[in-house]
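Read off the chains here:
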Amino acid sequence: MSWLQRIFEKPWLWSFIAAFLVWLATIVFTRGQGGGELLTAALTFATFFVIVGIGQMFVITLGPGNVDLSIPATMTLAGSVAMKVMDTQDSMILIGLVVTIACGLAVGIFNYALILVLRIPPIIATLSSSFVILSTAIAYGRGLRIKPPPLLAEFTTVQVAGIPILAIVVTALAGAMGVVLHRTIYGRSVLAIGQSLRAARFAGIPVERIRFLTYVLSALLASLCGFLFSGFSGGSSLSMGEQYLLASIAVVVIGGTSVAGGSGNLPGLWGAALFLFLVQSMLNTYQLSAGLRYLATGLIIITVITAAGGQKTQR
Amino acid sequence: MIATVTSPRFLRAILPALSLAVLLALIFYLNPRTMSYVGLNLMLNLAIPIALATIAQLCVITVNDLDLSIGAYVGFVVCVAATYLHQTPALGVLVLGAGILVYAALGALIHLRNLPSIVVTLGMSFVWLGLAVLVLPTPGGKSPEWIAWLMKLKPAYIPFPIIAAAIIAAVAWFALMRTSYGSILRGSGGNPKAIERAGWSLLKTKVAMFALAGFFGVLSGLSLIGLTTSAQANVAERYTLYSIAGVILGGGDFVGGRVSPVGAVLGAITLTLSAPFLTFIHIPPDWQIGAQGAILIIVLALRAIIDRVERRR
Amino acid sequence: MSGGVEPIVKLDGVEKSFGAVRALAGVDLVATRGECLGLVGHNGAGKSTLMAVLAGTLRPDSGAIRIGDEDLTHSYDVVGAQRRGIRCVFQELSLCPNLTVAENAHIFHAGLRGLGWRRRSGKLIIDKLNEIFPGHGVSPNDVVGDLSIGRRQMVEIARAFSVTDTPLTLVILDEPTSSLDAYVAGQLLGFVRRFVAGGGACILISHLLGEILSTANRIIVMRDGKVVAARPASGFTRDTLVAAMGSVAKGETSANLAAHGSKRSEGEPRARARAAAQTDERELTAYRGEVVGLAGLAGQGQTEMLRKLFDAARKKSRDATVNEPVALVAGDRQNDGIFPLWSIARNITVGSMRRMLRGILIDPKREDEMAGTWRERIKIRTPDVDNNILSLSGGNQQKALFARALGSDAGIVLMDDPMRGVDIGTKQEVYEMIRSEAAGGRTFVWYTTEMDELRNCDHVYVFRNGRIVADLPRQEMTEERVLHSSFEEGTAPGHAAAP
């Protein structure tokens, strides 16, 4: 039983195993054809889930009640603004990046101002701000689909031996954020706050400052994702972020991060992101409709969180 | 007298009525033609499904949870009503009944496994959306005749939506605020430990409130199909935001079990009027969504101010 | 005490331990009709534990429980207690703040349903309020959350005494007057006397000895989990009560205490603070290398003082100045102290993260070093500091929390009754650590509910009702003086402001 036990001890392994099984099931249907392409597609699209997943993971790790529901809107805003500013010019890419970061900062500060000043629970704060942010994106972008600069488009789509460069970069990012979580004062503070808010206060941790930084981090990563995704998909669109709300939470939960807070899991984000994409494409391959795809995604997340259970102690 | 008028309890109770009155006055000022039977009827029609969804959300908020799936659920009910209920009523009733049972089961699950309702209902929103799309893949369907007839009623002097809203508020108020078990339900949100120690079952209260939410959600969807020309899965997308805003505007709290059904209905009507109001002040359509998010923020800001006054006493 | 009266509640040889701590070491208790039983004792005597057993919220390790004719030793719980008419008024409110007074009455009287239930519930509670507290000013439709704390307490008490179909056997009042003003408290005690004279039964716990002496028929004194005296109230005076609560070894004179040079002369205090409710000039000061004790009954303002000092170190405060970084060792380690998902090492180093840095990252080697060092110094019993913190016993977990505070750069260490429930061996090791750290110049501000621990302190402040009532340097500190100050009822009002 010991090797089985060791697997259960590492929740993120499940997600990779599950992803592998789903990939297998899809290949079975196509009789072995296109396995490699499927893997490449999975890596490509999962990359974007991982970027927002990192931000959402840090927020959720802060403890119960902390969720960022403004991620899709922030993605859309950053994508629209950046594309418009860059205006298909390679020379403007750096400016575009700066603008993206500015968007992320603005959204993060706005969200946290709502949480701190108006004492709104984070869920409601980010929900209502998402509407404001989305409107800003619509008003600014006017729905025009501006093409990304060719260099950006290339960067987000180029592959090496079937593996997208972007996936490698984001893996490195995830690795770096893992180090941040476990080996920096900021990361340790997040983990402490998620385990026990009161103990963190008494241990001298500046709780409000850490929460602020985390919401800004989440907004920054969402902006970055919008920037890159616009480059990847040939321009920003208003429905760009639609599936990212559930996806960002799903990859965090399925990847083994506890919704009770205090323990973040970065490798799991990749496994869960791959799993999520592969489930959707498997359902596509089996020619199941969009409705079933939504249904399946929702059921999976409910199953995972039911199995994981909630807080151990009654608050 | 001054003390009562400025007391937090009074302010909290008066906020929904006051904001409704102010908004109504502004609308009449901007467009005097709305001050008529036809005008009111047109503007307030959609208040009925929104008020019902708000009461559903109120039930969940009373027990210290949050339902982020109410919009998708109402959309599901609309699609079922436009298809099954219209074609094979028996099947339609069965499916809608099953929906209510699912809501009750969710309440049990959340209680027994101590799950965060946000994540569970967020997942459920996709389940309902998926089911709605399966039932009605493309916009269409037809409303059952009796619902369409009911929603198009034109009673004398008072527009139907106002009567309907009054009935909804009265029923919800009576059930939750006047009955003895209603006080237990609210108590389970205020001090669950005390309720449990007195021998009541917290599982039953949670399941009851979620089942009620499911029931009011069904009513919301049924009333909506009578008003829209064609059904589609995401027709009630905004209802999640509206319902939460309505409860808070109506004087409710996210935790502590302190809610006001009458206030919530007034809040729902106010939010319904926000759409024509934004049109009348020529808010560009781009900003319509943002404005509605801004309204929720403003409502919460007002409540934060009232709470701060309360705390300083 | 009337002879030959059947006991309504009989506890025999009840024992209860929490880990290494014996909260109840074999207690017998008998409550009869027509009697108000007064229960007194210092901190940790076992009063709350005994009442919890009686109320059904705690199962004893051994001993018999009889209610009336029934032997309930094996099947007693809260709902059973309620059904047999054992009512409790504890300090933590059991009212729903979002419901009205009448609705709250209904919660415990489920039989009051059907048409007109609200009116009947309201009448039930208002009648009782009128009986106990004439002139109370509460209306049945008031929302409990909107009432002042005094009025809430009155409603709580009235609810406990109200009768419908569930019988009323025994009412336990645990510090019922703590939120009431003197006049209202008097009304309550008068009612209790009438209640027992009419055949009711009541247990009254209070630290205000005047209340006990004037209201109880019989008084039980507890100490260290045992009953040490049980006599009719007429057999006690204030002084004999206080004496009974103290330890057996009396006659401690200042000559017995080790000669101790005062640290007070050395320059400026590191911290000074005024209690919020202080009416005279007394304030707390703490100097370099000093161990300052905060004494008195539990919950009399000591924790608030510690919080004040903790906050003052971070930002400017009106009535406190702190000139050194502070660290806090929490008493409720489960909620305020440990990080349950982390290892012992991480729990220790979290207070000193800045010093663990190498560049911008925390150096695991430095962490291990610090954890290892402290494991040796404070003798944490574990095979591996990288094990999860919950693998440690309670006492060792507390040691880890100490290591966190002592390992930081804090010049002042605040302690919020951290040794509660810890075994004696661990305690001795920690006291030694505190003494040696103090000798090295560290300041300690130590809130403790145990008399013996005060012997480690250079200076003791006794708290009562949120203010400092005694300021005792070591030479003047005897158990008697501390007890007297804890229980003393001076001329100043001993109760909270009027509702």
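Quick notes on the rules
- Residues numbered from 1 in each chain as written.
- Chains lettered and ligands numbered in written order.
- Predicted model: local features only at pLDDT ≥ 70, side-chain atom pairs only at ≥ 80, totals over all residues.
- Heavy atoms only, no water.
- Helix = DSSP H or I, 4+ residues; strand = E, 2+ residues; numbered from the N terminus.
- Rg over C-alpha atoms; globule rule 2.2 N^0.38 Å.
- Buried < 20%, exposed > 50% of the residue type's maximum accessible area, 1.4 Å probe, protein only.
- Contact = heavy atoms within 4.5 Å.
- Areas by Shrake-Rupley, 256 points an atom, 1.4 Å probe, with all protein chains shown as cover.
- Lys, Arg positive; Asp, Glu negative; His and termini not counted.
- Charge placed at Lys NZ, Arg CZ, Asp CG, Glu CD.
- Expected span 1.5 Å × (residues − 1).
- Polar contact = N/O pair within 3.5 Å; in protein donor to acceptor, adjacent residues only side chain to side chain.
- Nonpolar A, V, L, I, M, F, W, Y, C, P; charged D, E, K, R; others polar.
- Buried area = accessible area lost by both parts, 1.4 Å probe.
- Salt bridge = Lys/Arg side-chain N within 4 Å of Asp/Glu carboxyl O.

Bringing the overall build of chain C into the picture now. For chain C, the count of helices and strands is 15 helices and 21 strands. Whereas a compact globule of 499 residues would reach a radius of gyration of roughly 23 Å, chain C reaches 25 Å, a difference of no more than 12%. Seen through its C-alpha atoms, chain C measures out along the principal axes to roughly 75 × 50 × 45 Å. Out of the 499 residues in chain C, the part that is buried amounts to 55%. Sequence-distant contacts in chain C: of pairs separated by 6 or more residues, those separated by 24 or more amount to 67%. Here chain C displays about 20600 Å² of accessible surface, and carbon together with sulfur accounts for 50% of that area. Of the charged side chains in chain C, 62 are positive and 61 negative, and the gap between their average positions amounts to 2 Å.

The next point concerns helix H9 (residues 302–314) of chain C. Taking 1.5 Å of rise per residue, 13 residues should cover 18 Å, and H9 of chain C covers 19 Å from first to last C-alpha, within 8% of that figure. Restricting attention to buried positions, one finds in H9 of chain C the residues Gln302, Met305, Leu306, Lys308, Leu309, Phe310 and Ala312 of chain C.

Okay, the interface of chain A and chain B next. At the interface, 43 residues of chain A touch 39 residues of chain B. One can count four residue pairs in polar contact (both at pLDDT 80 or more) joining chain A with chain B. The leading source of residues in the side of chain A that touches chain B is helix H14 (residues 290–308) of chain A, at 12 residues. In terms of residue class, the side of chain A that touches chain B is built from 29 nonpolar, 12 polar and two charged.

On the secondary structure map, phenylalanine 339 of chain C appears in the loop between helix H10 (333–337) and helix H11 (344–349). A sequence separation of 115 residues divides phenylalanine 339 of chain C from aspartate 224 of chain C, and the C-alpha atoms of the two residues are 31 Å apart.

A word on the interface of chain A and chain C. Taken together, the contact between chain A and chain C spans 22 residues of the former and 25 residues of the latter. Carbon and sulfur atoms make up 61% of the surface buried where chain A meets chain C, a total of about 2000 Å² over both sides. At the boundary of chain A with chain C, the tally comes to two salt bridges. Residue aspartate 336 of chain C pairs with arginine 198 of chain A through a salt bridge whose shortest N-O separation is 2.5 Å.

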